[in-house]
Amino acid sequence: MFYHAYNSYLENAYPYDELRPLTCDGQDTWGSFSLTLIDALDTLLILGNHTEFQRVATLLQDTVDFDIDVNASVFETNIRVVGGLLSAHLLSKRAGMEVEEGWPCSGPLLRMAEDAARKLLPAFQTPTGMPYGTVNLLRGVNPSETPVTCTAGVGTFILEFSTLSRLTGDPVFENVARKALRALWRTRSDIGLVGNHIDVITSKWVAQDAGIGAGVDSYFEYLVKGAIMLQDEELLAMFHEFDKSIKNYTKFDDWYLWVQMHKGTVSMPVFQSLEAFWPGLQSLIGDISSATKTFHNYYSVWRQFGGLPEFYSIPQGYTVDKREGYPLRPELIESAMYLYKATGDPTFMQLGRDAVESIDKISRVNCGFATVKDVRDHKLDNRMESFFLAETIKYLYLLFDPENFLHNSGTEFELGGLQGDCILSAGGYVFNTEAHPLDPAALHCCSRYQSERRELQDILISLSEPLRPATDQSEETPGAGGSRESIALKPGERRKARVLSCPTQPFSAKLAVMGQVFSDNS
């Protein structure tokens, strides 16, 4: 299934963002950077195709340019492009690519991800720190841009941006992501819920429907996954508070409805296909019983139609008008993979089998797989979104491949980092919301390296400063003891306050400075 879709894209749509499978051509949808190729790159490696991964990774470096006059979705560019490039960077050594000295803290794919993310930073320059929904990659935010952004568009950056900050040593990405998360947290209602769309200038809620589906979903997902990847108690505490309110006000008979965020009254008694990620997320916090019950509700809808309609009326037990489509979304399959991994219950694998059979039977056309326009009669639409290769196929494959390296529980690993002493690829991968796996160990490795580099700089600065009497607090003047240029600072760079005193604080790497050796236990 993967290669039928992937080869169809290469033959008919590249270098456009997406394949149009009914007319066998392509279209740009999210920014004109061969999006399907970026999104599918790590899937190639997960399927074991090292040679094609290497070819595409090199091709992207040579052809993709983010310095273009295009209005791009901040949210979609982050999860698909930045996330896809970060994942490919972290997996490049496993794919047999020659990596730079110091990988994973440097590399061409990492620089591409950083370049793409920098194009998004102007969106965060708001009074609240919450980002605009759209940014021009060349010119920044358009002065006429609407300040209204969906909740997920504010709260879905901490995984990619903290990964970037910790790999590169530039804190700006993690800082803006955290500021946005905290600003969103402060806007919750008295009963602990958030709405669907917010004004990023005034912090006023424009759409006050509260739920776990479209426009909100990945905000909750990133609180949990951010907490896991960064070992961050603040993020986990935020999620647990939201989880209490969600269970109190939106959960009915193991379904989750939409309610008014201030009153808790039901506003939409519907199930949205995007909500199907929730049982998988619950499995990550150990709530297996609740996750399983909700999953079975969602699975019953799949069996009814051979796919999940975008909206499903719970009281009527049927599709909602004008929301009958199924764009080959991955969320229910994602939950099945997590829950099968957690329980070993074959019911979850059965959903995978149903998904393979129904997608192959309903959606396969000569040029790939087509979106289902209407799950009632299985009419098709002329689109194959990039997430079909990035997520749907990937989660299906991982469900049926328990020996895949992504399921590693620490029995295998590789060494990396400047000293070759970082343990990487040992398991515990965290998937971003586009199913791009990130290795938390790489963040720790590079954070440690950046910290040691700063400590070393402070030592060298102190050694290049002349001694002065303890009572003399004045600035040095030429000829009064002699000022020499620091060997650790670049021209024009200002010295930061010292954070390390060598005789009293441990230094975590072996180092010789002017003949004196500092080791781990000195």
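The rules behind each value
Residues numbered from 1 in each chain as written. Predicted model: local features only at pLDDT ≥ 70, side-chain atom pairs only at ≥ 80, totals over all residues. Heavy atoms only, no water. Helix = DSSP H or I, 4+ residues; strand = E, 2+ residues; numbered from the N terminus. Expected span 1.5 Å × (residues − 1). Buried < 20%, exposed > 50% of the residue type's maximum accessible area, 1.4 Å probe, protein only. Contact = heavy atoms within 4.5 Å. Disulfide = S-S within 2.5 Å. Pairing = 2+ DSSP bridges. Phe/Tyr/Trp six-rings, centres within 6.5 Å; stacked < 30°, edge-to-face > 60°. Lys NZ or Arg CZ within 6 Å of the ring centre and 35° of its normal. Core = buried A, V, L, I, M, F, W, Y, C linked by side-chain atoms within 4.5 Å. UniProt positions renumbered as here; feature names shortened; annotations may be inferred. Polar contact = N/O pair within 3.5 Å; in protein donor to acceptor, adjacent residues only side chain to side chain. Axes fitted to C-alpha atoms, helices over the stretch in contact; angles between N-to-C directions. Parallel < 35°, antiparallel > 145°, perpendicular 65-115°, else oblique. Left-handed = near helix turned anticlockwise from the far one by under 90°. Nonpolar A, V, L, I, M, F, W, Y, C, P; charged D, E, K, R; others polar.

S.K.: Which residues make up helix α5 (residues 108-120), and what are the values?
M.R.: The end-to-end C-alpha distance of α5 is 19 Å, a good match for the 18 Å that 13 residues give at a rise of 1.5 Å each. Of the residues making up α5, those classed as buried are L109, L110, M112, A113, E114, A116, A117, K119 and L120. Summarising the contacts, the buried residues of α5 are in contact with α3 (50-63), α4 (74-91), β4 (134-136), α7 (158-168) and α8 (172-185).

S.K.: Outline the state of the cysteines, listing residues and values.
M.R.: Applying the stated criterion across every chain yields a total of three disulfides. Through a disulfide, C24 is tied to C367; the S-S separation comes to 2.0 Å. As the torsion about the S-S bond is roughly 95 degrees, the C24-C367 disulfide counts as right-handed. Of this pair, C24 sits in the loop between β1 (18-20) and β2 (25-27) while C367 is found in the loop between β16 (364-365) and β17 (368-369), placing the two residues 343 residues apart along the sequence. Classification of C367 by relative accessible area gives buried; the value is 9%.

S.K.: Tell me about the environment of A214, and name the residues and values.
M.R.: Among the structural elements, A214 can be located in the loop between β8 (209-210) and α9 (217-230). On the accessibility criterion, A214 (26% relative accessible area) is partly exposed. A C-alpha to C-alpha distance of 8.9 Å links A214 and C150, two positions 64 residues apart in sequence.

S.K.: A description of the sheet that holds strand β12 (residues 266-268) should follow, citing residues and the corresponding values.
M.R.: On the basis of which strands lie adjacent, the open sheet formed by three strands has the order β8-β11-β12 and antiparallel pairing. The sheet is open, and its two borders are formed by β8 and β12, each paired with just one other strand. Relative to strand β11 (residues 258-260), β8 runs antiparallel, the two being bridged by two bridges. The residue of β11 that forms the bridge with A210 is V259.

S.K.: Account for the packing of aromatic side chains, naming residues and giving values.
M.R.: Here the structure, examined in full by the defined rule, presents 28 aromatic pairs. Taking the centre distance of 5.3 Å and the plane angle of 15 degrees together, the rings of F2 and Y6 count as stacked. Of this pair, F2 and Y6 are both found in helix α1 (residues 2-12), four residues apart, which corresponds to roughly one turn of the helix. A single burial state applies to F2 and to Y6, both of which are buried. By the ring-pair criterion, three or more aromatic residues cluster together here, those being W185, Y219, F220, F239, F242, Y256, F277 and W278. In this structure, R188 packs its charged tip against the face of W185, placed 3.7 Å from the ring centre. Looking at R323, its charged tip hangs above the ring of F311, at a distance of 5.2 Å from the centre.

S.K.: Tell me about the nonpolar core, and name the residues and values.
M.R.: Formed by 149 residues in total, the largest nonpolar core has its most connected members in F53, F161, Y219, F220, W278, W302 and F388. The element that contributes the greatest number of residues to this core is α4, accounting for 10 residues. Discounting residues that sit within four places of it in the chain, F388 has contacts with A5, L328, I359, F369 and I393.

S.K.: Which residues make up the UniProt feature "binding site: Ca(2+)" (unreviewed entry) in the protein chain, and what are the values?
M.R.: When the UniProt feature table is mapped onto this chain numbering, "binding site: Ca(2+)" (unreviewed entry) sits at T433. The topology assignment puts T433 in the loop between β22 (430-431) and β23 (437-438). Take T433: its relative accessible area is 15%, and that puts it in the buried class. The residues contacting T433, other than those within four sequence positions of it, are I79, T156, S218, E221, Y222 and E391. Side chain to side chain, T433 and E221 meet in a polar contact 2.7 Å long.

S.K.: Just give me the short version of the UniProt feature "active site" (unreviewed entry) in the protein chain, but keep the residues and values in it.
M.R.: Per the UniProt entry, the sites bearing "active site" (unreviewed entry) are E76, D217, E310 and E331 in this numbering. For E76, the position within the fold is in helix α4. You can call E76 buried: its relative accessible area is 14%. Ignoring sequence-local partners within four residues, the contact set of E76 consists of W30 and V81. Residue E331 is classed as buried on the basis of its relative accessible area, which comes to 11%. Beyond its immediate sequence surroundings of up to four residues, E331 is in contact with S273, L274, A276 and F277.

S.K.: Report on the sheet that holds strand β6 (residues 197-199), specifying residues and quantitative values.
M.R.: As summarised here, the arrangement of the three strands in space is β5-β6-β7, forming an open sheet in which the pairing is antiparallel. Since the sheet does not close on itself, it has two edges, and those belong to β5 (148-150) and β7 (205-207), each with one partner. Across the sheet, the mean angle separating the axes of adjacent strands is 35 degrees when strand polarity is ignored. As paired strands, β6 and β7 are joined by two bridges and run antiparallel to one another. Looking at the pairing, I198 lines up with W205 of β7.

S.K.: Quick rundown of the packing of helix α13 (residues 331-343) against helix α14 (residues 346-363)? Include the residues and the values.
M.R.: For the pair α13 and α14, the least separation of the axes is 8 Å and the interaxial angle reads 150 degrees. Relative to α14, the element α13 lies roughly antiparallel. Once α13 is placed against α14, the crossing between them reads as left-handed. Taken together, the residues of α14 that come into contact with α13 (itself represented by L332, I333, A336, L339, Y340 and T343) are P346, F348, M349, L351 and A355. A class-by-class count of the residues in the contact of α13 with α14 yields 10 nonpolar, one polar and no charged.

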